[in-house]
Amino acid sequence: MIGQKTLHSFFSAAPAKKRSRSPEPGGDAEVSVAKKAKAAGDESGETSALSPQQLERIRKNKEAARQRLAERNVPPGFGESWRRQLAAEFSKPYFIELMAFVAEERKRYTVYPPPEQVFTWTQMCDIRDVKVVILGQDPYHGPKQAHGLCFSVQKPVPPPPSLENIYRELSTDIEDFTHPGHGDLTGWAKQGVLLLNAVLTVRAHQATSHKERGWEQFTDVVVSWLNKNLHGLVFMLWGAYAQKKGSSIDRKRHHVLQTVHPSPLSVNRGFFGCRHFSKTNELLKKSGKKPIDWRAL
């Protein structure tokens, strides 16, 4: 995780250099010369003297600088295939501010999940191997619960009520499914089930304490990339929050299954009996994809 001091020093202006030097091709000096030439040309009514080759070099240098900045800001534990597609976000002001906020929170409070597990969802499978997306809202805020997969908890923590209800629905929907005796859903994630919360960190014992700090914007980008670059995904949207986050999904390109949240407060209003797990496998088969073995936990 990048420290706030590092981020500030990285983006502060470099001190002016007294010694002059010859401009390097496509470098800052050449860009400065180009600006002066353009200004002079504007005043005299002449066009810029930059050649197409010089403009191309400048463009490539700017792109390389953006890439270096993104690489420098890659969070720890971010899966390689996901990094290649999402790295442009890491150099954007909102993400830099978000990382600084989380780093400061960790200095003052206990924050879940630990840094190396915030992006567990990027480590389970290649970004192009995602087949199913289940959207959550906020990480669990109790000790040793959250580990970077929505609805999932680490062993030996008992499954929370919502996950117990998911297991109950699975027991009536999927033949031979039995309660695994734990709440770790890594077995699904490795098969291409993206278990993504909208917000990826939380202060201990304070639900939604990290909302509206930038995580929602970042996870919107993740959903948008999947929506635009993959085909035939099955999105499970449980509850109003997930349905709103998934409202932009192209339903001609992907499959969307909606029902209420599996929370005890709403589970009896449509989650029990929704058969989303068997329906998902039927849709995957029609798309020529291998179904999920929901029992492999």
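Think of each chain on its own: its residues are numbered from 1, step by step along the sequence as written. Note on the predicted model: pLDDT of at least 70 is required for a residue's local features to be given, and 80 or more for side-chain atom pairs to be given and counted; whole-chain, interface and lining totals, by contrast, use all residues. No hydrogens and no water enter the side-chain calculation; it runs on all heavy atoms of the structure.

1. Some details on the overall build of the protein chain
Logical step 1: Strands are runs of DSSP state E lasting at least 2 residues, helices are runs of H or I lasting at least 4, and numbering of each runs from the N terminus. Along the protein chain, the regular secondary structure elements total 10 helices and six strands.
Logical step 2: The long-range fraction of contacts in the protein chain, counting pairs at least 24 apart against all pairs at least 6 apart in sequence, stands at 67%.
Logical step 3: Only the protein chains shown count as covering a residue, and every accessible area follows the Shrake-Rupley method with a 1.4 Å probe. Summed over its atoms, the accessible surface of the protein chain is roughly 15,900 Å², and 50% of this surface lies on carbon and sulfur atoms. Any two residues whose heavy atoms approach within 4.5 Å at even a single point are treated as in contact.

2. Details of the pairing of strand β6 (residues 255–259)
Logical step 1: Here, a strand pair is defined by DSSP locating no fewer than two bridges between the strands. Two strands pair when backbone bridges link them, and strand β5 (residues 234–238) and β6 are joined in this way by five bridges, in the parallel orientation. When the sheet's bridge partners are listed, Val 234 is paired in β6 with His 255.
Logical step 2: If the strands point away from the viewer and the path from the first strand over the helix to the second runs clockwise, then the crossover is right-handed. Remark: the β5/helix α9 (residues 240–245)/β6 crossover connection has right-handed handedness.

3. As for the packing of helix α6 (residues 161–173) against helix α10 (residues 276–286)
Each pair of packed helices can be described by the angle between their axes along with the distance between the axes.
Logical step 1: Under this scheme, a helix contributes an axis fitted over its contacting stretch, all axes are lines through C-alpha atoms, and angles between N-to-C directions fall in the 0 to 180 degree range. Close contact between α6 and α10 brings their axes to 8 Å; oriented N to C, the two are set at 60 degrees. One finds that α6 runs oblique with respect to α10. Contacts between α6 and α10 involve Ile 166, Glu 169, Leu 170 and Asp 173 from the former and His 276, Phe 277 and Ser 278 from the latter.
Logical step 2: Under the convention adopted here, Pro, Cys and the residues Ala, Val, Leu, Ile, Met, Phe, Trp and Tyr are nonpolar, Asp, Glu, Lys and Arg are charged, and Gly plus all remaining residues are polar. Taken together, the residues that form the contact of α6 with α10 break down as three nonpolar, two polar and two charged. The labels follow the angle: roughly parallel below 35 degrees, roughly antiparallel above 145, roughly perpendicular from 65 to 115, and oblique for the rest.

4. Things to note about the UniProt feature "active site" (unreviewed entry) in the protein chain
Logical step 1: UniProt positions are given in the numbering used here, feature names are shortened, and annotations may be inferred rather than shown by experiment. Under the present numbering, the feature "active site" (unreviewed entry) in UniProt falls on Asp 138.
Logical step 2: With respect to the helices, strands and loops of the structure, Asp 138 is situated in the loop between β2 (132–136) and α6.
Logical step 3: Given a relative accessible area of 18%, Asp 138 falls into the buried group.
Logical step 4: Not counting residues up to four positions away in its chain, the partners in contact with Asp 138 are Asn 197, Val 199, Thr 201, Val 202, Ala 207 and Thr 208. Categorising residues by exposure relies on relative accessible area from a 1.4 Å probe, with only protein chains included: less than 20% of the type maximum marks a residue as buried, more than 50% marks it as exposed, and the intermediate range marks it as partly exposed.

5. Topic: helix α8 (residues 215–229)
Logical step 1: Relative to the 21 Å expected for 15 residues at 1.5 Å per residue, α8 spans 21 Å between its end C-alpha atoms, a close match to the ideal helical length.
Logical step 2: Of all the residues in α8, the buried ones are Trp 215, Glu 216, Phe 218, Thr 219, Val 222, Val 223, Trp 225, Leu 226 and Asn 227.
Logical step 3: Looking at the buried positions of α8, the neighbouring elements they touch are α4 (80–86), α5 (93–108), β2, β3 (193–197), β5 and α9. Multiplying 1.5 Å by the residue count of a helix minus one yields the expected span of that helix.

6. Overview of the sheet that holds β3
Logical step 1: Spatial ordering of the open sheet is given by β3-β2-β5-β6, a layout of four strands whose pairing is parallel. Looking at which strands have only one partner, the edges of the open sheet turn out to be β3 and β6. Geometrically, the sheet is characterised by an average inter-axis angle of 20 degrees between neighbouring strands, direction not taken into account.
Logical step 2: Along the sheet face, α10 touches β2, β5 and β6 and points at about 160 degrees away from the line of β5.

7. Concerning the packing of aromatic side chains
Logical step 1: For this analysis, a ring pair means two rings from Phe, Tyr or Trp (six-membered ring only for Trp) whose centres lie within 6.5 Å, classed as stacked if their planes differ by under 30 degrees, edge-to-face if by over 60, and tilted for the remaining angles. Enumeration over the complete set of coordinates arrives at 21 aromatic pairs.
Logical step 2: Look at Phe 277 and Trp 294: their rings are 5.0 Å apart centre to centre, the planes differ by 75 degrees, and that puts the pair in the edge-to-face class. Of this pair, Phe 277 sits in helix α10 while Trp 294 is found in the segment after α10, placing the two residues 17 residues apart along the sequence. Of the two residues examined, Phe 277 and Trp 294, each falls in the buried class.
Logical step 3: Through successive ring pairs, a cluster of aromatic residues spans Phe 78, Trp 82, Phe 90, Tyr 94, Phe 95, Phe 119, Trp 121, Trp 215 and Phe 218.
Logical step 4: Think of it as a cone above the ring: NZ of Lys or CZ of Arg counts as a charge over the ring if it is within 6 Å of the ring centre and within 35 degrees of the ring normal. One Lys or Arg, Arg 168, reaches over the ring of Phe 272 and ends 4.1 Å from the middle of that ring.
Logical step 5: For Arg 203, the ring lying beneath its charged end belongs to Tyr 109, and the centroid distance is 3.8 Å.

8. With respect to the nonpolar core
Logical step 1: Residues grouped as a nonpolar core are buried Ala, Val, Leu, Ile, Met, Phe, Trp, Tyr and Cys residues, joined through side-chain atoms within 4.5 Å. Counting residues in each nonpolar core, the largest one holds 72 residues, and the members touching the most others are Trp 121, Trp 215, Phe 218 and Leu 226.
Logical step 2: Contacts of Trp 215, omitting those with residues within four sequence positions, involve Leu 98, Met 99, Val 102, Val 118, Phe 119, Ala 198, Val 199, Leu 200, Thr 201 and His 210.

9. Let's talk about the pairing of β5
Logical step 1: Summarising burial for β5: five of the five residues are buried, a large majority.
Logical step 2: What you see with β5 is no split at all: Val 234, Met 236 and Trp 238 on one side and Phe 235 and Leu 237 on the other are buried throughout.
Logical step 3: As defined by bridge partners, β2 adjoins β5 across three bridges and the pair is classed as parallel. The partner of Ile 134 across the bridge, within β5, is Met 236.

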